[in-house]
Amino acid sequence: MICDNISVKDGVLYFAGANTVELAKEYKTPLYLMDENKIRNNCRVYLNAMNKYFGANAMPLYASKAASFKKIYEIMKDEGMGIDVVSSGEIYTALKAGFNLKNAYFHSNNKTDEDINFAMENGVGYFVVDNKEELDAINQIAKERSLTQSILLRLTPGIDTHTYEAVNTGKVDSKFGTAIETGQAEKMVEYTLTLSNIKLCGFHCHIGSQVFESDTFIRGSKIMLEFIATVKAKFGFVTEQLDLGGGYGVRYLDSHPTIDIADNIRQVAECIKSTAAELNIEIPKILLEPGRSIVADAGMTLYTVGTVKEITGYKNYTSIDGGMTDNPRFALYGSPYTILPASRMNDTADFVSDVVGRCCESGDIIQKDVTLPKAKRGDILAVCTTGAYNYSMASNYNRITRPAVVMIKDTKPYVAVKRESLEYLTENDI
Ligand code: LLP
């Protein structure tokens, strides 16, 4: 199976030890499932490995753009994770979950004045500053509020990694961060150090997402350490924190490799230790920002099949009761997914079709050319590895309500996010 929290009993698919057909019946479909134990275990892999290899002060920050709702922040608080937030909405949700924002790092390439004020008002620990305009705005607002804001500067190390374009962010020509290669990053440091209401704590980079090569992170950390050595030599600036971003890839298909995250962290730590020694610099507190690798394999989406259309001599379509509104990732990136016939796991898979949603748009596809037992109206299909960037990217296109999120803890389900109601859809309409 694609993940160790998936199993089959009497032809029925089980997820996190719970019967998916029963769950579909009880909670209706489309339905997001999330495996709480898996989320916690994924956090612990980072917590233990970072502690072991980077030292006790290292900290993983959960990149909450991957899946943001109150229960997730409660789990992060419980596990001792920090968080990466990118909007007032994520900050608000974390606050509502009782998350202490001193370990929150506020990202985004274009924080509005409202965002900056909201984050400062609520004591967000660190701003990860993307560019000079933003830096000036943060300094100004901090001055008005008579406080000193701790920040990291987001830098682009100039690394082009092997992933899809939308998430390849470490390149010099990225919309994110300030480039090292062009000399602009160095100037930014010099300038930041002159600002009255900013405390520069260190640097951040995020090279890309769904990355499988460990050398991407090794190359990234080397470039960042060289930069840290340069600013130490030029400005006497001692870097307290180095945040290497997120990005470890997950398995959407059986053919995808499994990443040993702990071993990758070990390799990065070795490189950091030897490079820091060569450059004669102190090793800063190391942060990582995993999102996908914390929640992706903790998720599964269940759908009910409606129409099965066979266009003789052309192709077949299996239509489900969700689609690009709850999972836009094939439409956006052509992302692969594994789809399983939850209610008919022992039947012969001999029918090839595109599994499509119910939106008025022909790009509304979950996956093309999927081989399954020929479905009947009412069958349940499961899409695996949907815990990251599905619920958080869902929309109300066609005024379709967003599904519920049902968490499973120790095989017992509970509702973490309610299904949206039709009334909810018109709540803001005047
Ligand atoms: N840190 C920063 C600054 C980021 O921009 C991201 C992801 C992360 C951490 C977490 O990366 P992860 O560990 O999840 O790979 N919607 C796209 C993914 C966008 C990722 C954006 N940034 C998708 O569905 O594939």
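Among the nonpolar cores identified, the biggest contains 98 residues, and I39 and F203 are the most heavily contacted of them. At eight residues, helix α8 (residues 214–235) tops the list of elements feeding residues into this core. Residue assignment places this core across two domains, with domain 1 (6–35 + 297–426) and domain 2 (36–295) each supplying three or more.

Our focus in this paragraph is the pairing of strand β2 (residues 12–15). A regular strand places its side chains on the two faces of the sheet in alternate fashion. Alternating residues of β2 divide into V12 and Y14 and L13 and F15, and every residue in both groups is buried. As judged from the four bridges shared by strand β1 (residues 6–9) and β2, these two strands associate in the antiparallel manner. Residue pairing in the sheet places S7 in a bridge with Y14 of β2. Note that β2 and strand β3 (residues 18–19) share two bridges and pair antiparallel. Following the sheet pairing, Y14 is matched in β3 by N19. Hairpin connection of β2 to β3: two residues between the antiparallel strands, including A16 at a positive phi of 50 degrees.

Counting buried positions along strand β9 (residues 149–156) gives eight out of eight residues, so the element sits mostly inside the fold. Here β9 shows two buried faces, one formed by Q149, I151, L153 and L155 and the other by S150, L152, R154 and T156. Of the pairings in the sheet, the one linking strand β8 (residues 126–129) to β9 comprises three bridges and is parallel in character. Bridged to V129 within β9 is L153. Following the backbone out of β8, through helix α6 (residues 132–144) and into the adjacent parallel β9, one traces a crossover that is right-handed. Sheet topology note: the β9/strand β11 (residues 198–204) ladder contains six bridges and is parallel. When the bridges of β11 are listed, L153 appears paired with F203. Pairing of β9 with strand β10 (residues 178–179), which is carried by two bridges, proceeds in the parallel orientation. Along β10, the bridge assignment pairs L155 with T178.

For α6, built from 13 residues, the straight-helix expectation of 18 Å at 1.5 Å per residue is met to within 8% by its first-to-last C-alpha distance of 18 Å. For α6, the complete set of buried residues consists of E134, L135, I138, N139, I141 and A142. Put simply, N131 is the residue that caps the front of α6, since its side-chain oxygen is 3.4 Å from the backbone nitrogen of E133. Once α6 finishes, S146 follows within two positions and takes phi at roughly 50 degrees, a positive value.

Here we come to the domain arrangement of the protein. In terms of domain boundaries, the protein breaks down into domain 1 (6–35 + 297–426) and domain 2 (36–295). One C-alpha centre belongs to domain 1, the other to domain 2; they are set 33 Å apart. With 24 residues of domain 1 in contact, the opposing surface of domain 2 contributes 24 residues. Both sides of the domain 1 and domain 2 interface together cover about 2,100 Å² of buried area, and 57% of this is carbon and sulfur. The three residues of domain 1 that bury the most area against domain 2 are D35, D297 and Y389, which together make up 25% of that side's buried surface. Taken together, the connections running from domain 1 to domain 2 amount to one salt bridge.

Parameters and conventions
- Residues numbered from 1 in each chain as written.
- Predicted model: local features only at pLDDT ≥ 70, side-chain atom pairs only at ≥ 80, totals over all residues.
- Heavy atoms only, no water.
- Core = buried A, V, L, I, M, F, W, Y, C linked by side-chain atoms within 4.5 Å.
- Buried < 20%, exposed > 50% of the residue type's maximum accessible area, 1.4 Å probe, protein only.
- Helix = DSSP H or I, 4+ residues; strand = E, 2+ residues; numbered from the N terminus.
- Domains from an automatic or database assignment.
- Pairing = 2+ DSSP bridges.
- Right-handed = clockwise from strand over helix to strand, strands pointing away.
- Expected span 1.5 Å × (residues − 1).
- Polar contact = N/O pair within 3.5 Å; in protein donor to acceptor, adjacent residues only side chain to side chain.
- Contact = heavy atoms within 4.5 Å.
- Buried area = accessible area lost by both parts, 1.4 Å probe.
- Salt bridge = Lys/Arg side-chain N within 4 Å of Asp/Glu carboxyl O.

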